[in-house]
Amino acid sequence: MSVLDEARRWIAQDPDPETRRELERLVESGDIAVLTERFSGELEFGTAGLRGLLGAGPTRMNRVTVTRATAGLCDWLLKTVPDAVDRGVCVGRDARKNSEVFERDVIEVLTGFGIPVWAFDGVVPTPVVAFAVQAQGAAGGVVITASHNPPGYSGYKVYWQNGAQIIPPNDRGIAEAIRRTLQMDQISRMPLSDARSRGLVRDADALRTRYITHIGDLASHPNVRADVRIAYTALHGVAGDTFRHVFAHAGFEDLHAVPEQFEPDGRFPTVDFPNPEEPGAMNLVLALAERVGADIAIANDPDGDRVAVAVHSEDGFETLSGNDIGLLLADDLLRRRHRETPAVVLSTIVSSPLLGAIAKAYGARWEQTLTGHKWIQNRALELEEDGFEAVFGYEEALGYAPCRAVRDKDGLSSGLLMADLAARLKAKGKTLLDARRELWKAHGYVADRQISLRFDGSDAQARIDEAVRGLRDDPPTVIGGHSVARIKDFERQIEWTPDGTRPLIGLAPSNVLVFELEGGHRVMLRPSGTEPKLKYYFYAASSAAAANDLQRAAEDAKTTLADLVASFTVPSDC
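Attention now moves to the packing of aromatic side chains. Any two aromatic rings considered together are summarised by their centre-to-centre distance and by the angle between their planes. Using the criterion set out here, one finds 12 aromatic pairs in the structure. An aromatic cluster is present here, built from Tyr232, Phe243, Phe247 and Phe252 joined pairwise through their rings. For the cation-ring pair, Arg244 lies above Phe262, with the distance from its terminal atom to the ring centre recorded as 4.4 Å. Stacked on the ring of Tyr539, the Lys or Arg Arg522 has its end atom at 5.2 Å from the ring centre.

What follows is the structure, given as structure tokens:
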């Protein structure tokens, strides 16, 4: 079948007039290059589902893609979860373009297969849906969200019956079921009005209320909360209203929100990229924090599963790194824990190694996983079956899971616990920066930096793959003046040292390279799973001679860090 025939076939089944017109114009113009790109494959299940640009064709997010994905999910659920038709599926959405339409398609296909749906009234933060799957005992969950991606993206995130994001074999099973899915007019679906009248669409808003209560109850020391002033932004996302209710339930009364970023708006008009990691994304909340004299500033990403925190200091507001937040939360949770069950904390292989030292100080176990909370949470569940209590999990990309009621990263609960810690520290005349300094004194100083290089153009992914392949095939022996002591290639599942090569055991294959250097330094890189980016991670440890002098240790590590960055990054125009 020619690409023109493929396009015409797609047009015939596409229920969306906008994407039909988009393809019709391409066919009429004979733009074979663009059509070939649109029909060069299909969106693949990546970070627990689908994510991609909105548009027509199988490589884009659209009503056909979403409908077929849901049919595949239904097929797999009915084969693998015997009581799925009794337990139902929780469904939610963000405020991006087409999210409401896609959510309706999901509901109509699920109910068309006889699976009831727990649906929310309007938009909902992603962590609330993750909470709902567990709280309701549902067979799974679906969230229509592109999280922190730019406005032109949409996504389809899937939770399994354990409340965590899907991993093998379920992601592969769903992907195979999608490939077997019939044409659109052969997929079972029930009109939303009929599904409601038959009781197959059930109100999930009571679950949102339960989430607010449960998360709000995580805070401690109510007598000190009123003394903390907080500046907040939702970055035009869907977390604002729920965030405000959670903090009010916890007793935080002095909350100031950025008004022009509080209401959901999928166009994200005041930021270039709606990701609090990106330079400039927190400008408005930091300006508000200065005006109102806030102690801390908090930002959620658009679907509420990530959080960024900045702290007032003598020189203005300092934004904490993703690792800073993770280490502070882990230390606080372990310190306040009073159970005899053995504890475990988890982080990804690209996150700070200081978590291991903190865990050891409390007699806890430290586990590392591949990047993504789907790996953190599913590993935590395995460890809990072995008798451990999973206290905390984090990845340095502002994703933290401090509460087992949400088996995913949660920017609301982690934001609340950072504010709670700030309140307790303020009562002692200290700040989060003081707490971070104490961690460095106790466990050593490690400087870290993440660099994300965005690749543009239709060949972006090919150039990213070429850059990684070049380092894989011809790895450096020295980085920043430090000899490479070990290379871990998670895609080829091998580990190299000067003594030879051996199999790398323990984690699933993934396109990640880790270079461990003499002196305890590390350099890592991987392609992003959700955007055309190449992500670098650098960690530089202070020398043993500087361990007792924090200022010297910091200067030593930062100098090393600069050397590592300068000698290793690859330009995005390569």
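On to the sheet that holds strand 4 (residues 140–144), then. What the six strands build is an open sheet, ordered 1-5-4-2-3-6; its pairing is mixed. Since the sheet does not close on itself, it has two edges, and those belong to strand 1 (49–53) and strand 6 (201–203), each with one partner. Within this sheet the neighbouring strands show an average axis-to-axis angle of 20°, counted without direction. Where strand 2 (residues 89–93) and strand 3 (residues 117–119) come together, three bridges link them in parallel fashion. Bridged to Val89 within strand 3 is Val117.

Moving on to the pattern of salt bridges. Scanning the model with the defined rule gives 51 salt bridges in all. Here Asp301 makes a salt bridge to Arg306, at a shortest N to O gap of 3.9 Å. No difference in accessibility class separates Asp301 from Arg306, as the two residues are buried. Overlapping salt bridges, with partners in common, bring together Asp331, Asp332, Arg335, Arg336, Asp420 and Arg424 in one network.

Moving on: the sheet that holds strand 15 (residues 399–401). Spatial ordering of the open sheet is given by 13-12-14-15, a layout of four strands whose pairing is mixed. Strands at the two margins of the open sheet, each flanked by one partner only, are strand 13 (365–369) and strand 15. Direction aside, neighbouring strands of the sheet carry axes that sit 15° apart on average. Pairing of strand 12 (residues 343–348) with strand 14 (residues 389–395), which is carried by five bridges, proceeds in the parallel orientation. Each residue of the ladder has a partner; that of Leu346, found in strand 14, is Gly393.

Now for the nonpolar core. Formed by 128 residues in total, the largest nonpolar core has its most connected members in Ile298, Leu432 and Phe515. When neighbours within four sequence positions are excluded, Phe515 is seen to be in contact with Pro475, Pro476, Ile479, Val484, Arg486, Ile487, His521, Arg522, Val523, Leu525 and Phe568. Formed by 51 residues, the second largest nonpolar core is a distinct cluster that contains Val66, Ile115, Ala119 and Met190.

Let us look at the packing of helix 15 (residues 354–361) against helix 18 (residues 432–443). The angle between the axes and the distance between the axes are what describe a pair of packed helices. At their nearest, the axes of helix 15 and helix 18 sit 10 Å apart, and the two run at 80° to each other. One element, helix 15, and the other, helix 18, form an angle in the roughly perpendicular class. Here Leu354, Ala357, Ile358 and Ala361 of helix 15 lie close against helix 18, whose contacting residues are Leu439, Trp440 and His443. Across the contact of helix 15 with helix 18, the residue classes break down as six nonpolar, one polar and no charged.

Quick look at the packing of helix 14 (residues 322–335) against helix 18 now. Between helix 14 and helix 18, whose axes approach to 10 Å, the crossing angle comes to 80°. Taken as axis vectors, helix 14 and helix 18 run roughly perpendicular relative to one another. Within the contact between the two elements, helix 14 uses Asp324, Leu327, Leu328 and Asp331 and helix 18 uses Leu432, Ala435, Arg436, Leu439 and Trp440. Of the residues belonging to the contact of helix 14 with helix 18, the class tally is six nonpolar, no polar and three charged.

What counts and how
Residues numbered from 1 in each chain as written. Predicted model: local features only at pLDDT ≥ 70, side-chain atom pairs only at ≥ 80, totals over all residues. Heavy atoms only, no water. Phe/Tyr/Trp six-rings, centres within 6.5 Å; stacked < 30°, edge-to-face > 60°. Lys NZ or Arg CZ within 6 Å of the ring centre and 35° of its normal. Pairing = 2+ DSSP bridges. Helix = DSSP H or I, 4+ residues; strand = E, 2+ residues; numbered from the N terminus. Axes fitted to C-alpha atoms, helices over the stretch in contact; angles between N-to-C directions. Salt bridge = Lys/Arg side-chain N within 4 Å of Asp/Glu carboxyl O. Buried < 20%, exposed > 50% of the residue type's maximum accessible area, 1.4 Å probe, protein only. Core = buried A, V, L, I, M, F, W, Y, C linked by side-chain atoms within 4.5 Å. Contact = heavy atoms within 4.5 Å. Parallel < 35°, antiparallel > 145°, perpendicular 65-115°, else oblique. Nonpolar A, V, L, I, M, F, W, Y, C, P; charged D, E, K, R; others polar.

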